[in-house]
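# Reading the structure
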Amino acid sequence: MPGEQSAGPIIREDLRGRDLVSAKDLTRDELGIVFEVAKEVESNLDGFSNVLRGRRVALLFAEPSTRTFSSFYIAARRLGGDVLPLNEPEMTSLTKGETLYDTLKMLEGYGADCIVMRHPSRGAARFAADVVSAPVINAGSGSQEHPTQAILDVYTILKKRGKVNGTSLGMLGDLRFSRTVPSLAYLVSNFDDVELHFIAPTALQVRQEVELYLHDRNVRYTKVTKQQDIPDAISRLDVLYVTRLQKERFPDPSEYERLRGSYKVDMGMLRYAKSTLGVMHPLPRVDELDTEIDRTPHAWYFDQARYGLPIRMAIFALVVGETR
Ligand code: NCD
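Residues numbered from 1 in each chain as written. Predicted model: local features only at pLDDT ≥ 70, side-chain atom pairs only at ≥ 80, totals over all residues. Heavy atoms only, no water.

With that out of the way, let us pick up the packing of aromatic side chains. Tallied over the full model, the rule gives 10 aromatic pairs. Each ring, one from Phe-35 and one from Tyr-155, has its centre 5.3 Å from the other, and the planes form 45°; the classification is tilted. Of this pair, Phe-35 sits in helix 1 (residues 28-42) while Tyr-155 is found in helix 5 (residues 147-161), placing the two residues 120 residues apart along the sequence. We classify Phe-35 as buried; its relative accessible area is 6%. (Phe/Tyr/Trp six-rings, centres within 6.5 Å; stacked < 30°, edge-to-face > 60°. Helix = DSSP H or I, 4+ residues; strand = E, 2+ residues; numbered from the N terminus. Buried < 20%, exposed > 50% of the residue type's maximum accessible area, 1.4 Å probe, protein only.)

Okay, structure coming up:
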């Protein structure tokens, strides 16, 4: 019953103490467990306020964040955990030149039971997982990965479509520097008959490491680089996942300026789409996704963002939840 304390069937041992560094770390069964717990939590968001009792979660965010930071924060608090928020990098000793290693060791020394970290460097989350014994959850490692975003993205597809198998998923925008795109591609590779369509100009196409992984896992994908091929690609999709141009990751600002405004998803583009097409976006959007879509049933992105809360509550419950 809503509001009542649940007996705690959400506590399971499967993921206890585990790091979550890459979307590749999760099997389909483990993902299913996260979804089961997320559904249970979602139906009774106030019913699990003992699950993190006595647990301390550190949120170390060395890059800007709105949704990811606040949903992790609220997730930990709603489960009754203590939160140490370090989300203003300029206020931490990282700015004074302290190494990430030393900062992590301190957090561990203060008794953090779990460290959620966002960092501009690829490999930062793996490094953290190697140096501290508490579980590390990657909340974004440079352009490399963002696994918890991918989990909530797949959860969104499941909730909206009723299944993930057989999804024709288009990803459009900056596929080169986006970290949500690789993580989502890795995660959906666990499902059957998923087809991926990477829609972007050559300069923004998906990275080779992603292609190699999909190739290894026998996932079908196409790359759509020419403007004139976009309508046909859009018409095949069940889901269109849009990303913004990752301005902060362009090594050359003039390249960013050149590519700025090179794509925009609007109702004109969606006239080729199936009536059931869902449009997703990890947010924030800048100008690549027209707000006129907000008023249509195609807009899944606000629900998608909302699902971040039960998903992150489920992750905390599974990784560090109280068992007694
Ligand atoms: C994404 C990110 O940080 O990679 N945002 C998010 O976590 N929802 C996407 C982005 O910044 O474009």
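Before going further, it helps to spend a moment on the nonpolar core. The biggest cluster of nonpolar side chains holds 94 residues, and the ones touching the most others in it are Val-116, Ile-151, Met-171, Leu-196, Leu-240 and Phe-316. Tallying contributions element by element places helix 12 (residues 308-320) first for this core, with 10 residues. Contacts of Val-116, omitting those with residues within four sequence positions, involve Val-57, Ala-58, Leu-59, Leu-60, Phe-61, Phe-72, Ile-137, Ala-139 and Phe-316. Within the second largest apolar cluster, 16 residues are counted, among which are Val-21, Leu-60, Ala-124 and Ala-128. (Core = buried A, V, L, I, M, F, W, Y, C linked by side-chain atoms within 4.5 Å. Contact = heavy atoms within 4.5 Å.)

The next subject is the layout of surface pockets. Each pocket or cavity is described by its volume, and for the largest pocket that value is around 410 Å³. Tallied by class, the residues present in the lining of the largest pocket amount to 4 nonpolar, 10 polar and 7 charged. Viewed by domain, the lining of the largest pocket spans two of them, domain 1 (23-145 + 308-320) and domain 2 (147-306), each represented by three or more residues. (1 Å grid on protein atoms, 1.4 Å probe; cavity = no way out; pocket = protein on both sides within 12 Å on 5 of 7 lines; lining within 4 Å. Points joined across faces, edges and corners; volume = space filled by probe spheres on them. Nonpolar A, V, L, I, M, F, W, Y, C, P; charged D, E, K, R; others polar. Domains from an automatic or database assignment.)

With that settled, consider the domain arrangement of the protein chain. According to the domain assignment, the protein chain contains domain 1 (23-145 + 308-320) and domain 2 (147-306). Put simply, the middle of domain 1 and the middle of domain 2, counted by C-alpha atoms, are 25 Å apart. Facing the 32 residues of domain 1 at the interface are 30 residues of domain 2. Buried surface at the junction of domain 1 and domain 2, summed over both partners, amounts to about 2600 Å²; 57% is from carbon and sulfur atoms. (Buried area = accessible area lost by both parts, 1.4 Å probe.)

Here we come to the pattern of salt bridges. Enumeration according to the criterion identifies 25 salt bridges in this entry. Where Arg-122 meets Glu-209, a salt bridge forms, and the shortest distance between an N and an O atom there is 3.0 Å. Separated by 87 residues along the polypeptide, Arg-122 in the loop between strand 3 (114-119) and helix 4 (124-131) and Glu-209 in helix 7 (residues 208-216) bring together distant segments of the chain. Residue Arg-122 is classed as partly exposed on the basis of its relative accessible area of 41%. Using a relative accessible area of 29% as the deciding quantity, one classes Glu-209 as partly exposed. Residue Lys-160 pairs with Asp-303 through a salt bridge whose shortest N-O separation is 2.5 Å. With a gap of 143 residues between them, Lys-160 in helix 5 and Asp-303 in helix 11 (residues 301-306) connect regions that are remote in the sequence. According to the relative accessible area criterion, Asp-303 is partly exposed, its value standing at 23%. Residues joined by salt bridges that share partners form a network here, namely Arg-12, Asp-14 and Glu-36. (Salt bridge = Lys/Arg side-chain N within 4 Å of Asp/Glu carboxyl O.)

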